[in-house]
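Architecture and fold: a report
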Amino acid sequence: MEVTSSYPKPPLFHTNTTPRNSKKSLPIPTHPISNTSLQFQLPLHKPHYKIHQPIKPQPKKTTNASSPSCTISDVLRLMDSLGIDIPVDTYVSLFKECTEFRDPLKAVELYNHICKSDVVPTLPLLNRLLLMLVSCGCFEHARQLFDKMRMRNSKSWAAMIAGCVENGEYEGALRLFMEMQSEVGNLCKCGDVIDDGILVCVLKACVELMNLELGKQIHGWLLKLGNCESLALSSFLIKFYGEFGYLESADDVFDHVPRCNTVVWTARIGNLCKEEEFEGALRIFREMVREGVKKNSFTFSSVLKACGKLSDAGCCGRQVHASSVKVGLDTDGYVQCSLIDMYGKYGLLRDALRVFNAREDKSNIACWNAMLMGFIQHGCGVEAMKLLYEMKEAGLQPHESLINEVLFVCGSSNIEKMDA
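In what follows, the accompanying structure is described.

Glancing now at the overall build of the chain. For the chain, the count of helices and strands is 21 helices and zero strands. For the chain, the residues scored as buried account for 44% of the 420 residues in total. Total accessible area on the chain stands at roughly 23,900 Å², and carbon and sulfur atoms take up 53% of it.

Below, the discussion takes up the packing of helix 6 (residues 154–166) against helix 9 (residues 196–208). Angle between the axes and distance between the axes: these two values describe a pair of packed helices. For the pair helix 6 and helix 9, the least separation of the axes is 9 Å and the interaxial angle reads 25°. Comparing their axes, helix 9 and helix 6 come out roughly parallel. The hand of the helix 6/helix 9 crossing is left-handed. Across from Ser154, Trp157, Ala158, Ile161, Ala162 and Val165 in helix 6, the residues of helix 9 making contact are Ile198, Cys201, Val202, Lys204 and Ala205.

So, on to the pattern of salt bridges. If you walk through the whole model with that rule in mind, you get nine salt bridges. Here Arg102 ties to Glu166 by a salt bridge, and the two come within 3.9 Å at their closest N and O atoms. Here the residue Arg102 occupies a position in the loop between helix 2 (88–101) and helix 3 (104–116), and Glu166 occupies one in helix 6, the gap between them amounting to 64 residues. Overall, Arg102 belongs to the partly exposed group, its relative accessible area being 43%. Exposure remark for Glu166: the relative accessible area of 57% places this residue in the exposed category. Notably, a salt bridge pairs Glu275 with Lys274, separated by 3.9 Å at the nearest N-O pair. The network of salt bridges with common partners includes Arg143, Asp147 and Glu179.

With that settled, the discussion passes to the environment of Leu282. By the secondary structure assignment, Leu282 is in helix 14 (residues 278–291). A relative accessible area of 3% places Leu282 in the buried class. With 13 residues separating them along the chain, Leu282 and Ile269 place their C-alpha atoms 7.9 Å apart. If sequence neighbours within four positions are ignored, Leu282 has contacts with Val303, Cys307, Leu310, Cys316 and Val320.

The next thing to look at is the state of the cysteines. If you walk through the whole model with that rule in mind, you get zero disulfides. The cysteine Cys136 is free of any disulfide, with Cys98 supplying the nearest cysteine sulfur at 4.1 Å.

Right, let's talk about the nonpolar core for a bit. Leu110, Met132, Leu133, Phe177 and Leu372 are the most contacted members of the largest nonpolar core, which totals 117 residues. No other element matches the nine residues that helix 9 contributes to this core.

Looking at where Ser156 falls in the secondary structure, it is placed in helix 6. Take Ser156: its relative accessible area is 0%, and that puts it in the buried class. Here the side chain of Ser156 touches Asn127 through a polar contact of 2.5 Å, side chain to side chain. In this structure, Ser156 is in contact with Leu123, Asn127, Leu130, Phe146 and Met149, ignoring residues within four places of it in sequence.

Right, let's get into the packing of helix 7 (residues 170–181) against helix 9. Two elements in contact, helix 7 and helix 9, have axes whose closest approach is 9 Å; the angle formed by their N-to-C orientations is 135°. Relative to helix 9, helix 7 is oriented oblique. The interaxial crossing formed by helix 7 with helix 9 has left-handed handedness. The residues of helix 9 that touch helix 7, namely those facing Tyr170, Ala173, Leu174, Phe177 and Met180, are Ile198, Leu199, Val202, Ala205, Cys206 and Glu208. A per-class count over the contact of helix 7 with helix 9 returns ten nonpolar, no polar and one charged.

The next thing to look at is the packing of aromatic side chains. Taken as a whole and assessed by the stated rule, the structure comprises eight aromatic pairs. Ring centres of Phe146 and Trp157 lie 4.9 Å apart, and the angle between their planes is 80°; on these two criteria the pair is classed as edge-to-face. In this pair, Phe146 is assigned in helix 5 (residues 139–148) and Trp157 in helix 6, connecting sequence segments eleven residues apart. With a centroid separation of 5.0 Å and an interplanar angle of 85°, the aromatic rings of Phe254 and Trp265 are classed as edge-to-face. Separated by eleven residues along the polypeptide, Phe254 in helix 12 (residues 247–255) and Trp265 in helix 13 (residues 262–274) bring together distant segments of the chain. Through pairs of rings, three or more aromatic residues link up here, namely Phe240, Tyr241 and Phe244. Stacked on the ring of Phe356, the Lys or Arg Arg359 has its end atom at 3.7 Å from the ring centre.

How each quantity is defined
- Residues numbered from 1 in each chain as written.
- Predicted model: local features only at pLDDT ≥ 70, side-chain atom pairs only at ≥ 80, totals over all residues.
- Heavy atoms only, no water.
- Helix = DSSP H or I, 4+ residues; strand = E, 2+ residues; numbered from the N terminus.
- Buried < 20%, exposed > 50% of the residue type's maximum accessible area, 1.4 Å probe, protein only.
- Areas by Shrake-Rupley, 256 points an atom, 1.4 Å probe, with all protein chains shown as cover.
- Axes fitted to C-alpha atoms, helices over the stretch in contact; angles between N-to-C directions.
- Parallel < 35°, antiparallel > 145°, perpendicular 65-115°, else oblique.
- Left-handed = near helix turned anticlockwise from the far one by under 90°.
- Contact = heavy atoms within 4.5 Å.
- Salt bridge = Lys/Arg side-chain N within 4 Å of Asp/Glu carboxyl O.
- Disulfide = S-S within 2.5 Å.
- Core = buried A, V, L, I, M, F, W, Y, C linked by side-chain atoms within 4.5 Å.
- Polar contact = N/O pair within 3.5 Å; in protein donor to acceptor, adjacent residues only side chain to side chain.
- Nonpolar A, V, L, I, M, F, W, Y, C, P; charged D, E, K, R; others polar.
- Phe/Tyr/Trp six-rings, centres within 6.5 Å; stacked < 30°, edge-to-face > 60°.
- Lys NZ or Arg CZ within 6 Å of the ring centre and 35° of its normal.

Written out as structure tokens, the structure reads:
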């Protein structure tokens, strides 16, 4: 019996990859928006003591929160020894615990135990079991379970696809996505919706494999289904086209988002920085300020990177620094590292030191490296050498290449000290 679906058939996906290109606009297939919406997206003893002697308080035993005193094996062994069937709720709790600690041995033990039990698993329970196996890196067992599942929903596919992407199995993620296409009609017929995270994971896999064609077809499919207003998908589509240098296509996605949030704006700034269009990145940042869009630490770190590439003696960088102070993000580790790097490139070492000394996280090695590079770039060998000793005192190990550069600067004839 042939099952038909009212959903439009997805495009035929190709496996060829497309090399990076600079600035180019892609023709996106457009179709009339369908009325159908589709969303994508683990025995007490009495103490013995003499009456006339004071009782000495026993020191409290400290327990490590990261390692439970009663393990999963203990629970399973106890229940089996008592001949008690483990209820579903107990299995769910054990799945959550194992997923949290990401223990592959315990995950396999739980999987084998429930397979041998008399429990009739429901789809939600199987999805939790699948998520536990994927999170713990047990892909063979997860795939076995997935293949045996008579019924799957979007959470089943999302767990497998996301697990593949998270663990670098990008080709496996694309294969699973293609397999999912044959069940899209059945999923929608059951009232299930495809989570946005599924397509985000697939687009990530396309970026890693440089598969521009598949990402382009996914975008066209979303346009056909009228599902391009998702902020999560839109922001990643902008990043996707930016990775291939198609800035006009990224801007086209941006223009069709009804209400752009911080992530969407920041993705656009990141694309321009990646393509070394630093003036354009600063222009987009000013548009954000005029529109009153909230900015986060990644917004400031991205635009500060652009400020460090301009020839304005750090003027724009100071303005962005002031803007970060107004919103209280000047103490963020990413922002501080970008500020030190920006001031260091312009030789404003006093300003860079002021930010460096004001940081709260003294172990942020990125800030140390940025400050060290500022000294090296401007021939401050003595200050760079002092900073190396301070790094070692703080328990940080400088990179060998930085040590060699400091030694080179100290050995040159034009060592310059910072102005007092």
